[in-house]
Each structure stands twice: as structure tokens, then as C-alpha cells.
Amino acid sequence: MTTSTAVTRITICLVWITCLRAQSTVYLRNTEHFIQAIKKIENSGLEASPLSIVRSLRKAAGHDDAYTQTFLGTTQDDDSGTNILTANHSSKNIESWSLDFLRFFDKAIHNFVTDAREERGVVLTPDGTTIALAPLLQGIEAGLKAPRSVGLSQPPQGLHFLTLGRTLGLSFLNAYNDSSSVDRLGPDGCWDNVTAPMVFTLQGAPSLATDALINGGMDGAILGAHLTADGGSSPLQLKLSTLLESYYNFQLGEAGLDGAPQLISAKRRENYRTLVPPNVLEKTVLEFLADRKPSARLIEAVKEGMRDFTLRYLDCPAMIPRCQWGAKIPKGIAARLSPPLQFLYIHHTEMPSGPCLTFQQCSKNMRAMQRYHQEEKGWQDIGYSFVMGSDGYMYEGRGWGRTGSHTKGHNSLGYGVAFIGNYATSLPTQHSLGLVRHRLTTCAVTSRFLHANYTVWGHRQAVNYTTCPGDALYSHISTWEHFEDTKPSKATKE
């Protein structure tokens, strides 16, 4: 059976289930339910290949536009090189595709933002980040279409244009033409309920390149390139659901990300930077805008936008916002800081004493710490500026702008960063240590939150009543470039 026939049959079935009026179990907007829906297609009796599935989803979501067709072809194209379908013996299981996911594909893939700042076409991943499915699926389709053994030095045709080049180009152009535009990138948002996500609301005015579109674009580029690289999964043997499960659902062991494979969502930023260096992505964006004959001013605006993109999404560590981990409202308004600041104070939480390895566990730890700090300590909010989990993510505490309650007498002089766990005799994962030592500090200095000649201290150096951040961690940070074995010259009354 040809690709054209397969796409037509799958699309007809997608439309059929979309039009049903039967009562249905509520579907959730997360990768788990999306993968379950893909499995129902794979097990439907249509014997559909990954390529025929992603093409039919592209058509069902209305993403078969002329620009996409330039690289991927139309959804009716025949591509005998991908072995898309074996003989169809039965379609009796089509109904099992999904009464449970009525209208799911259309709502899950079609990306737009409502007037109420609800972003559609996005799903929550197990690691706590949110992705847009359209660029993810287009990146996978580009990888499935490409010949194997291409290698990462020669990405599949159109891969970088479809996943992020077009998104960034349109957003930079829109910001350049519209002086009232708040930002050219972002924002992130939060789900109404991370256990049963249905509504994703942005935290500010939307650009044309929201965080979800950027995350989904990165993932699409990473998986698309993986499908064509030596050692990548063979499209002849691959199941789309298996690819997505291995990338999004990997369970970390005691070693955290130190013992994890490279191809997982928690390593999104480092993988993308290796795959698509910033200068390559900038060239892609400028090529996308070439037919508009960009002026020198527009070209400079693109370069500035790319510097912003590199800082926010490649240099800075990925951050789980307060609303995502379930923070309570502060009991008061902390004083504003006056950055750039001089100090970075390193802590361990001691309790919880063990590292957290999942978004769910780290979020639970954050809520417990905030509750302890507010109810037992009588503080306005969780004391730390930021908290580092062993799941590969940093969790927002009081952030860059507000004075914390982390280092008595010195809270206004620097930021307090805590590693979840007790590190008296052991260390956090090397991955977590590297994110704080290199990524967070680079982010802070470039963003002018920290002085370029900032000083790193362990909590115990600023006060005389604690062993924090634990002997093992303190010994380790004493090897960091900006560590100094002296005491701050001035303490403040707090």
C-alpha cells in the first residue's frame, strides 16, 4: 500500500472519530495520553508506519502549508523509500483508536494562543516541561524521510527550518515590525493541574516563539537528526510510540543524569546546542527571511534576537517556574534586590536528605520546604533564590529580583542556591554541579544579575552556626574558579 493510501485512510479515521458524538473519558494534554493515542493507531489493524502516521497527523492538524511541503512534500506524496505500510488485512479495530481521545489530535497539535493567553497544541512532559507537538512531529517526519547514515553534519532536508528556523524568523520579524511587541521570545506558562493537565496559560504576553514551541522545536530537531544518524533507530523497524517513550519517559536511577542515556528530554538544551550551534541556527533564520530582502537593521535585529535565544535557552539552565511546582502565594512582599550582586551562596537542604530524581518528587520537596519556611520559620516564602534538583532542572524560589532568607545577614548581598539533599558525606550528581557552576553563573553574569568577578561561598562561611552545605559539597565548591576562602566584609541587619 502506498503512503498516499495510508495517509488517506488514517486521515478518514481521524475525522471519523473527531465527529463522533458518543460520551468519552476526558483526555489529558500530556505526552502520556498522546503516546497512548499513537499506540491505538499502531495497533488499529492498519499496520501504519511512523511516516504515514506523522503525515496524517500533519494533514489533520492543517499543517500541510506550502512552506512545509517544500521540505516534506504533500501528505499525498508517494515515497516508496520508507516502507510505510504492509498489506492491510483488517480495519475492524479502527473504533478502538479512541473514544477516549475524542478530538484529541486536532486540539493537541494545532498550536495557537487564545485571547485569554491559553496556549493550545501543547502537552506536558513527565519532566515538567511543556512542548508544542507540531514542530516535534515535523522534525520527526523530516528524519523519517531522509536517507539513513546522513550523519549529524548533514541534517535532513529542512530539519532546522521546520523545527525552529521558521518559528524564530517569524517571531523576530514580528517584534521588529511591531514596536508594541512585549518580547520576541517566550513566555513559559503553567498548567491548571500537573496531574491532570487540561489548560496551559502563558505567564505573559505571547510572542510567536513561546517556550513550548521552542522546546518542541528542539526535540523535533534532536529526534529528526537521530533518525538519520549512524546508530539511530531504523525507520523500517521503529514504532513512533517507542521513540517518544524512550525520549520522554526514561526513569532516572540513583546516579541521576550522570547515568542516563544522552537521548532524553532532560538533556534537551545540551543536545540541541551540540546539534545546532548558535551560528548555524542564526544562518538558518536569515535564510528563512531572505525572500523578504531584509534590511541591515532587520539583520541586526535577528542577530540580537539570536543572542537572546542563546542566553535564555542554551546558556541558562532550564527552570521550573513557581506555579509549575505548586508554590503558595508569599505571605508578604520581599524587598527588591539591586543587581548585579557580588555573592553566590551555596547550600544543601539537608532535609529532604535524599536527591530528587523526578519532577513530581522535586516539586513535592519544594512544597515541603516552602511550608516549613513559612509555617515553622515564619518567613514570607521559601528562603532560597533557586533550588537544584537531580532531575536536570533548577526550581525557581524567590528568583533574581527578590531578597531571599537563605544566608542571615547577607541576603541582600547575593543569591542563595540550594542542592536538594544532604551532602555531608556525598556529592550531588556531576550534571547538577555543572549546571550551577557553569550554566547558572554564565546566565547570571551575562544577564547582569551577578558581577563578572562574583564570589562563591558556602553557607557556613557567612554564619557561624551551620555546617551547610555539608563537608563533601563544601570541599568540592572550594575548587570552583570564583571560590574565596575569606569572609564577606559587611553583614546587614535582617
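Okay, so let's go over this structure. (Residues numbered from 1 in each chain as written. Predicted model: local features only at pLDDT ≥ 70, side-chain atom pairs only at ≥ 80, totals over all residues. Heavy atoms only, no water.)

Looking at the overall build of the protein
Reasoning step 1: Secondary structure assignment for the protein yields 17 helices and 12 strands.
Reasoning step 2: For the protein, the proportion of its 494 residues judged to be buried stands at 54%.
Reasoning step 3: A separation of at least 24 residues holds for 76% of the contacts in the protein among residues at least 6 apart in sequence.
Reasoning step 4: Counting only carbon and sulfur atoms, one obtains 51% of the accessible surface of the protein, whose full area is about 21000 Å². (Helix = DSSP H or I, 4+ residues; strand = E, 2+ residues; numbered from the N terminus. Buried < 20%, exposed > 50% of the residue type's maximum accessible area, 1.4 Å probe, protein only. Contact = heavy atoms within 4.5 Å. Areas by Shrake-Rupley, 256 points an atom, 1.4 Å probe, with all protein chains shown as cover.)

Some points on the packing of helix α7 (residues 159-177) against helix α12 (residues 296-315)
Reasoning step 1: Running from N to C, α7 and α12 cross one another at 120°; their axes reach a closest spacing of 10 Å. When the interaxial angle is binned, α7 and α12 end up oblique. Considering only the axes of α7 and α12, their crossing is right-handed. Of the residues in α12, those in contact with L164, L168, F172, L173 and Y176 of α7 are R297, L298, A301, V302, G305, M306 and F309.
Reasoning step 2: Classifying every residue of the contact of α7 with α12 by side-chain character gives 10 nonpolar, 1 polar and 1 charged. (Axes fitted to C-alpha atoms, helices over the stretch in contact; angles between N-to-C directions. Parallel < 35°, antiparallel > 145°, perpendicular 65-115°, else oblique. Left-handed = near helix turned anticlockwise from the far one by under 90°. Nonpolar A, V, L, I, M, F, W, Y, C, P; charged D, E, K, R; others polar.)

Comments concerning helix α6 (residues 133-145)
Reasoning step 1: Over its 13 residues, α6 runs 18 Å from end to end, which matches the ideal 18 Å to within 8%, given 1.5 Å per residue.
Reasoning step 2: Here α6 lies mainly inside the structure; 12 of its 13 residues are buried. (Expected span 1.5 Å × (residues − 1).)

Quick word on the packing of aromatic side chains
Reasoning step 1: Within the structure shown, the criterion is met by 13 aromatic pairs.
Reasoning step 2: Ring centres 5.5 Å apart and planes at 10° place the aromatic pair F71 and F161 in the stacked group. Taken together, the residues span a long stretch of sequence, with F71 in helix α4 (residues 66-72) and F161 in helix α7 at a distance of 90 residues.
Reasoning step 3: These aromatic residues form a ring-pair network of at least three members: F343, Y345, W457, Y474 and F483.
Reasoning step 4: Over the face of the ring belonging to Y474 we find R460, whose NZ or CZ atom lies 4.5 Å from the ring centre. (Phe/Tyr/Trp six-rings, centres within 6.5 Å; stacked < 30°, edge-to-face > 60°. Lys NZ or Arg CZ within 6 Å of the ring centre and 35° of its normal.)

Structural notes on the environment of R29
Reasoning step 1: Locating R29 in the fold gives a position in the loop between α1 (3-18) and α2 (31-42).
Reasoning step 2: A C-alpha to C-alpha distance of 8.0 Å links R29 and V199, two positions 170 residues apart in sequence.
Reasoning step 3: Leave out the neighbours within four places in its chain, and R29 touches E118, E119, R120, G121, V122, V123, L124, W191, P197, M198, V199 and F200.
Reasoning step 4: Separated by 3.3 Å, the side chains of R29 and E118 make a polar contact. (Polar contact = N/O pair within 3.5 Å; in protein donor to acceptor, adjacent residues only side chain to side chain.)

A short note on the pattern of salt bridges
Reasoning step 1: Enumeration according to the criterion identifies 21 salt bridges in this entry.
Reasoning step 2: Salt-bridge contacts for R58 lead to D64; the nearest nitrogen and oxygen are separated by 2.6 Å.
Reasoning step 3: The exposure class of R58 is buried, given its relative accessible area of 3%.
Reasoning step 4: Residue D64 is classed as partly exposed on the basis of its relative accessible area, which comes to 23%.
Reasoning step 5: We note a salt bridge from D219 to R268, for which the minimum N-O separation is 2.8 Å. Residue D219 is found in helix α8 (residues 211-228), and its partner R268 is found in helix α10 (residues 268-275); the two are separated by 49 residues along the sequence.
Reasoning step 6: Classification of D219 as buried rests on a relative accessible area of 0%.
Reasoning step 7: One salt-bridge network, held together by shared partners, links D183, R184, E304, D308 and R312. (Salt bridge = Lys/Arg side-chain N within 4 Å of Asp/Glu carboxyl O.)

Looking at unusual backbone geometry
Reasoning step 1: At the junction of G186 and P187, the peptide bond is cis and its omega measures out at 5° in the coordinates.
Reasoning step 2: Looking along the chain, the bond that leaves M351 and enters P352 is cis, with omega of 0°.
Reasoning step 3: Tracing the backbone shows P352 in the loop between β8 (341-348) and α14 (359-376).
Reasoning step 4: One non-glycine residue with positive phi stands out, namely R448, at about 65°.
Reasoning step 5: By secondary structure assignment, the location of R448 is in the loop between α15 (430-446) and β12 (450-458).

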